[in-house]
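Observations on the three-dimensional arrangement
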Amino acid sequence: MSIAATIEAKLRRAFAPVRLDIVDESHRHAGHAGARPEGETHFRVEIVAAVFAGLSRVARQRAVYEALAEELAGPVHALSLSASAPGERDPAATA
Amino acid sequence: MTTASPVVERIRQDVAGNDVVLYMKGTPVFPQCGFSAAVVQVLTELGVKFKGIDVLTDPSLRQGIKDFSNWPTVPQLYVKGEFVGGSDIVREMHASGELREMLQTRGIAANTA
């Protein structure tokens with residue numbers, strides 16, 4: 001299973017998201033520290049899940065980091081993350 | 001995670017002794033990582049005075065700051081001793097105006113819009 005697929009499976013299991021986008025941005029970091037020639041080192045994740053309602057930004061990201069602890073300790077060098085609850089203004093939409 | 005090691009004690013003092021502290025890769029003038037550079041840019045835009053601490057100069061600090069905050073990545077921004085977040089959170093809070101508001105309510109000078 002690719003790392004992206006593993007991330008997706010773990011996040012779906014942990015948060016039952018209503019929206020989940022995982023983008024491999026490794027090509028934008030080719031040659032940087034932590035980059036591997038085969039890619040799958042830098043990801044952008046946008047996740048919308050009901051369980052995030054009422055949690056602070058820090059708490060949301062901590063929950064995601066925890067679900068992906070194995071990947072972050074291993075092959076994944078950087079994870080850019082947007083975690084929101086359904087109905088919240090999507091920060092990525094205006095970025 | 002563990003009992004207070006010298007590096008954690010040093011972090012505690014830096015975070016307590018400075019209003020705004022950014023743990024980053026590289027220095028504010030020469031960031032070594034795009035995520036660190038993004039936070040420096042936000043703070044510069046807001047005209048906030050901050051202390052930048054380069055974790056690349058010391059492997060024990062690089063690990064220690066992650067243990068201190070229970071947060072697995074760098075950069076990390078602290079305001080008045082409180083962990084605010086990493087680059088995603090700082091950028092989101094800047095885009096929404098929350099970061100300026102938070103700085104002002106804590107009595108830290110920031111440029112007005």
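This text follows the structure it describes.
What this report covers is the structure whose coordinates are included nearby. These figures come from a predicted structure and were not determined experimentally. (Residues numbered from 1 in each chain as written. Chains lettered and ligands numbered in written order. Predicted model: local features only at pLDDT ≥ 70, side-chain atom pairs only at ≥ 80, totals over all residues. Heavy atoms only, no water.)

**Overview of the packing of helix α1 (residues 3-15) of chain A against helix α2 (residues 57-67) of chain A**
Residue and element names in this part refer to chain A. Filter applied, for reference: Lines fitted to C-alpha atoms define the axes, with helix axes restricted to the stretch in contact, and inter-axis angles between N-to-C directions lie between 0 and 180 degrees. Going along the chain from the N terminus, every DSSP run of H or I of four or more residues is numbered as a helix, and every run of E of two or more is numbered as a strand. An angle below 35 degrees is read as roughly parallel, one above 145 as roughly antiparallel, one from 65 to 115 as roughly perpendicular, and any other as oblique. Each crossing is labelled by how the near helix is turned from the far one, with a counterclockwise turn of less than a right angle marking it left-handed and a clockwise turn marking it right-handed. Residue contacts follow a heavy-atom distance rule, with two residues in contact if any of their heavy atoms lie within 4.5 Å.
Running from N to C, α1 and α2 cross one another at 125°; their axes reach a closest spacing of 10 Å. Classified by the angle between their axes, α1 and α2 sit oblique to one another. At the point where α1 passes α2, the crossing takes the right-handed sense. Of the residues in α2, those in contact with Lys10, Leu11, Ala14 and Phe15 of α1 are Ala63, Val64 and Ala67.

**So, the packing of aromatic side chains**
All names here are of chain B. This is how the line gets drawn: Any two rings among Phe, Tyr and Trp, with Trp reduced to its six-membered ring, count as a pair given centres within 6.5 Å; such a pair is stacked if its planes are under 30 degrees apart, edge-to-face if over 60, and tilted if neither. Burial here depends on accessible area, computed with a 1.4 Å probe over protein chains only, as a share of the maximum for the residue type. Under 20% is buried, over 50% is exposed, and the range in between is partly exposed.
Scanning all chains against the criterion turns up 6 aromatic pairs over all chains. Arranged with centres 5.9 Å apart and planes meeting at 50°, the rings of Phe68 and Tyr78 form a pair that is tilted. Taken as a pair, Phe68 in helix α3 (residues 59-69) and Tyr78 in strand β3 (residues 76-79) lie far apart in primary sequence, 10 residues in all. The class of Phe68 is partly exposed, set by a relative accessible area of 27%. Given the relative accessible area of 2%, Tyr78 is considered buried.

**Quick look at the sheet that holds β3 of chain B**
Residues and elements named next belong to chain B. Definition in use: Here, a strand pair is defined by DSSP locating no fewer than two bridges between the strands.
Pairing within the open sheet is mixed, and its 4 strands lie in the order β2-β1-β3-β4. Here the strands that pair on one side only, and so sit at the sheet edges, are β2 (51-54) and β4 (82-85). Pairs of neighbouring strands in the sheet enclose a mean axial angle of 25°, with direction left out of account. For β3 and β4, the ladder comprises 3 bridges, and the chain directions are antiparallel. Bridge pairing in β4 links Tyr78 to Phe83.

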